[in-house]
Amino acid sequence: MRFQNDLSRVNSMLYREVDSRLDMQLTISMEQTHPIIPLLQREMSIIPLDTLKTEEGSFIDLFICGETGIRMEGSLFPFKPEKMGECLIVRIRAEEMEMASDIINRLSEIPSALRVGFYLKGRRIYAEYRFHHTDLEMISNVGKKISDMKNSLRIEDLGPCSGGISKFDEVNSRIHLGVVAYQSEMPQSTGLPDGKSTDYLIEYMSTPIQGMGLKVVIYNDGEYDSENTKTLGNGINLRYVKSPFLDTLWKHSSKVRLPRAAILTKFEKGTYRTFIFLPLSMMDSQISILYDMASNYPEAKFRLLGVRAYQPDIWNWV
């Protein structure tokens, strides 16, 4: 399905115009000893991961896809994998894998930090973040904590970032991405401006923070005035948002082990357009959840706008 014409005609802020505003990046890694590691090492060089917090605890999902997933289905049986799209998903309790959850939590609480990559390579888990240079002192404090721990956790990379699109390309090289786009009414309860006075674009943190909602980075070129919003300058604003539609969408997607590589939303003249980046083979499941959501929240006035495999020209619309 191609993006509809009304989407491609929108003359509003494009993500490629703002993707370098989070101008720094950090990558940390930690060695793993879980018994599944030797099995995976023989078959895959890089395995995409996702994290999930539920009432039952914290988990890490491992995505073994394509021919490798078919070939390994028997050997992975003891780990009770589930099938989603072309991937086998193995869910492991976070405490079973060395994850340095305290450090991960500290990084998620840094205002501008967004996790943009999470994967297993060899015997190490890698977590990649983009952030704004004004938060460098807080990142440095986390670096000291890592140094003081004196274990296998280490900083792999810290410095200027080449931009969000380059990170999308890297994720796509690990697992083929697709994009699902939809339009809906903007919930007033989010506390976000209505987009009538200035266009803006928001980038979501990949997972909600318990009790606070979803952290969003808001990019704009005009005036931005909203309560409970932190302004970093250079058209970057930060806040947490809550809405029944978004909260339920996150819960339903997580329940079926559906990962999201990223979610971007554009506000233009009061219109709310959202782009969900996720594994290409799982788009049907995401679309089904969205239509179920639409029936439960008719006030959102949901409309599917587009479904497409990730490719460079996607940035002509997003």
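Residues numbered from 1 in each chain as written. Predicted model: local features only at pLDDT ≥ 70, side-chain atom pairs only at ≥ 80, totals over all residues. Heavy atoms only, no water.

## What to know about the overall build of the protein
Broken down by element type, the protein carries eight helices and 16 strands. Residues counted as buried form 56% of the 318 residues belonging to the protein. Counting only carbon and sulfur atoms, one obtains 48% of the accessible surface of the protein, whose full area is about 14,600 Å². (Helix = DSSP H or I, 4+ residues; strand = E, 2+ residues; numbered from the N terminus. Buried < 20%, exposed > 50% of the residue type's maximum accessible area, 1.4 Å probe, protein only. Areas by Shrake-Rupley, 256 points an atom, 1.4 Å probe, with all protein chains shown as cover.)

## Some remarks on the packing of helix α7 (residues 244-255) against helix α8 (residues 283-296)
A packed helix pair is summarised by two numbers, namely the angle formed by the two axes and the spacing between the axes. Axis separation between α7 and α8 bottoms out at 10 Å; the angle between their running directions is 140 degrees. The orientation of α7 with respect to α8, classified from their angle, is oblique. You can see that α7 and α8 cross each other, and the crossing is right-handed. Across the interface between the two elements, F245, T248, L249, H252 and S253 of α7 pack against Q286, I289, L290 and M293 of α8. (Axes fitted to C-alpha atoms, helices over the stretch in contact; angles between N-to-C directions. Parallel < 35°, antiparallel > 145°, perpendicular 65-115°, else oblique. Left-handed = near helix turned anticlockwise from the far one by under 90°. Contact = heavy atoms within 4.5 Å.)

## Some words on the side chain of T274
Structurally, T274 can be placed in strand β15 (residues 271-279). Each residue touching T274, except ones within four places of it in the same chain, is listed here: V180, A181, Y182, I263, L264 and T265.

## Quick notes on the nonpolar core
Membership of the largest hydrophobic core comes to 64 residues, with the highest contact counts inside it found for Y15, Y204, F277 and W315. Among the elements that take part in this core, α8 stands out by supplying six residues, more than any other. Not counting the four nearest positions on each side in its chain, Y15 is found in contact with R130, G164, I165, F168, L201, E203, L264, W315 and V318. L88, V90, I92 and A113 belong to the second-largest nonpolar core, a separate cluster that totals 34 residues. (Core = buried A, V, L, I, M, F, W, Y, C linked by side-chain atoms within 4.5 Å.)

## What about the pairing of strand β13 (residues 236-241)?
Of all six residues that make up β13, five are buried, and the element is covered over most of its length. Where strand β11 (residues 214-220) meets β13, six bridges bridge the pair, whose relative direction is antiparallel. For L214, the partnering residue across the bridge sits in β13 and is V241. Inspection of the sheet shows strand β12 (residues 230-233) paired to β13 by three bridges, in the antiparallel sense. Paired with T231 across the strands is N237, a residue of β13. Between the end of β12 and the start of β13, which pair antiparallel, lie two residues, with N234 showing a positive phi angle near 55 degrees. (Pairing = 2+ DSSP bridges.)

## Some words on the side chain of D135
Here D135 is to be found in the loop between β7 (124-131) and α5 (136-149). It turns out D135 is buried and unbridged, and the closest side chain with the opposite charge, K230, is 4.3 Å from it. Setting aside chain neighbours within four positions, we find D135 in contact with I110, P111, S112 and K230. (Lys, Arg positive; Asp, Glu negative; His and termini not counted. Salt bridge = Lys/Arg side-chain N within 4 Å of Asp/Glu carboxyl O.)

## Here's the deal with the pattern of salt bridges
Inspection of the entire model under this criterion finds nine salt bridges. For the salt bridge of D61 with R91, the shortest nitrogen-to-oxygen distance reads 2.7 Å. Here D61, found in strand β3 (residues 57-65), pairs with R91, found in strand β5 (residues 87-93); they are 30 residues apart in sequence, far enough to count as distant. K144 serves as the salt-bridge partner of D148, at 2.8 Å between the closest nitrogen and oxygen. Separated by four residues within a single helix, D148 and K144 lie in helix α5, roughly one turn from each other. Exposure remark for D148: the relative accessible area of 46% places this residue in the partly exposed category. When salt bridges that share partners are traced, they join R124, R154 and E156 into one network.

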